[in-house]
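Breakdown of the fold
Given next are the chains, with one letter for each unit.
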Amino acid sequence: MKEVSKDAKALMLLLLVNSILFTALYFVFVHFGFDYILLIYCAVGAMLAVGFVIYNRGFAWKGVTPEMLPDTMSYVEKCQFIEDGKARLRKSRWVLTVIFPIILAVAIDMMILFLFPMMGITIA
């Protein structure tokens, strides 16, 4: 069994803390009648997601071997391209610890607004 790295544990803890914090913050704003919180969460989440994909170059390097890259690149350039892609993903993993809690908060709100009433469950 593979040992979990300290970085992975730290990211998981950050994801957990952000999930609790972002969800609580969302519902505090909803409780006090700030009607634009859904729009803000969706806009921030979308911008972060697009930024994440752009920073990682659309994951063009994912699953690529040096043989699959153009012949105009030297072998060293091909290896650098692949390693740069992996490094970018490592550096940007923290963004996922913000995107997923935003999605979670909005998903919980949607369940409370639409799914639970369809199932006959009411939340005061």
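In this text the structure is predicted, and so the values were computed from the model without any measurement.

A separate point is the overall build of the protein chain. Across its full length, the protein chain carries three helices and zero strands. The helix and strand sequence of the protein chain, counted from the amino end, reads α-α-α. If one aligns the C-alpha atoms of the protein chain with their principal axes, the spans along those axes are about 65 × 35 × 25 Å. Out of the 124 residues belonging to the protein chain, those deemed buried represent 23%. Contacts spanning at least 24 positions in sequence make up 69% of the contacts within the protein chain whose residues lie at least 6 apart. Summing over all exposed atoms, the protein chain offers an accessible surface of approximately 9,000 Å²; the carbon and sulfur share of this is 73%. Of the charged side chains in the protein chain, 11 are positive and 9 negative, and the gap between their average positions amounts to 6 Å.

Quick look at helix α3 (residues 75-119) now. Owing to its 3.6 residues per turn, the α-helix aligns residues three or four sequence positions apart on the same side. The sharpest bend along α3 reaches about 40 degrees and sits at Met111. Just beyond α3, the residue with positive phi is Gly120, at close to 85 degrees.

Quick look at the nonpolar core now. If you look at the biggest cluster of nonpolar residues, it comprises eight residues: Phe22, Tyr26, Ile37, Tyr41, Val98, Ile102, Ala105 and Val106. Among the elements that line this core, the one with the most residues is α3, at four residues. Contacts of Ile102, omitting those with residues within four sequence positions, involve Phe22, Tyr41, Val44, Gly45 and Leu48.

For helix α1 (residues 6-31), built from 26 residues, the straight-helix expectation of 38 Å at 1.5 Å per residue is met to within 8% by its first-to-last C-alpha distance of 37 Å. Considered for burial, the residues of α1 that qualify are Asn18, Ser19, Phe22, Thr23 and Tyr26. Looking at the buried side of α1, the elements it contacts are α2 (37-55) and α3. Two residues or fewer after α1 comes Gly33, characterised by a positive phi angle close to 85 degrees.

In this structure, Glu83 sits in helix α3. Residues Glu83 and Pro101, 18 residues apart in the sequence, show an inter-C-alpha distance of 29 Å.

Throughout the structure, instances matching the rule amount to six aromatic pairs. An angle of 65 degrees between the planes, with centres 5.0 Å apart, marks the rings of Tyr26 and Tyr41 as edge-to-face. With a gap of 15 residues between them, Tyr26 in helix α1 and Tyr41 in helix α2 connect regions that are remote in the sequence. A single burial state applies to Tyr26 and to Tyr41, both of which are buried. Aromatic rings pair up to connect Phe22, Tyr26, Phe27 and Tyr41 into one cluster.

Below, the discussion takes up the packing of α1 against α2. Running from N to C, α1 and α2 cross one another at 150 degrees; their axes reach a closest spacing of 10 Å. As summarised for this structure, α1 and α2 are arranged roughly antiparallel, according to the angle between their axes. Contacts between α1 and α2 pair Phe22, Leu25, Tyr26, Phe29 and Val30 from the former with Ile37, Leu38 and Tyr41 from the latter. Across the contact of α1 with α2, the residue classes tally to eight nonpolar, no polar and no charged.

Rules of the game
Residues numbered from 1 in each chain as written. Predicted model: local features only at pLDDT ≥ 70, side-chain atom pairs only at ≥ 80, totals over all residues. Heavy atoms only, no water. Helix = DSSP H or I, 4+ residues; strand = E, 2+ residues; numbered from the N terminus. Buried < 20%, exposed > 50% of the residue type's maximum accessible area, 1.4 Å probe, protein only. Contact = heavy atoms within 4.5 Å. Areas by Shrake-Rupley, 256 points an atom, 1.4 Å probe, with all protein chains shown as cover. Lys, Arg positive; Asp, Glu negative; His and termini not counted. Charge placed at Lys NZ, Arg CZ, Asp CG, Glu CD. Bend = angle between axes of the 7 residues up to and from the residue. Core = buried A, V, L, I, M, F, W, Y, C linked by side-chain atoms within 4.5 Å. Expected span 1.5 Å × (residues − 1). Phe/Tyr/Trp six-rings, centres within 6.5 Å; stacked < 30°, edge-to-face > 60°. Axes fitted to C-alpha atoms, helices over the stretch in contact; angles between N-to-C directions. Parallel < 35°, antiparallel > 145°, perpendicular 65-115°, else oblique. Nonpolar A, V, L, I, M, F, W, Y, C, P; charged D, E, K, R; others polar.

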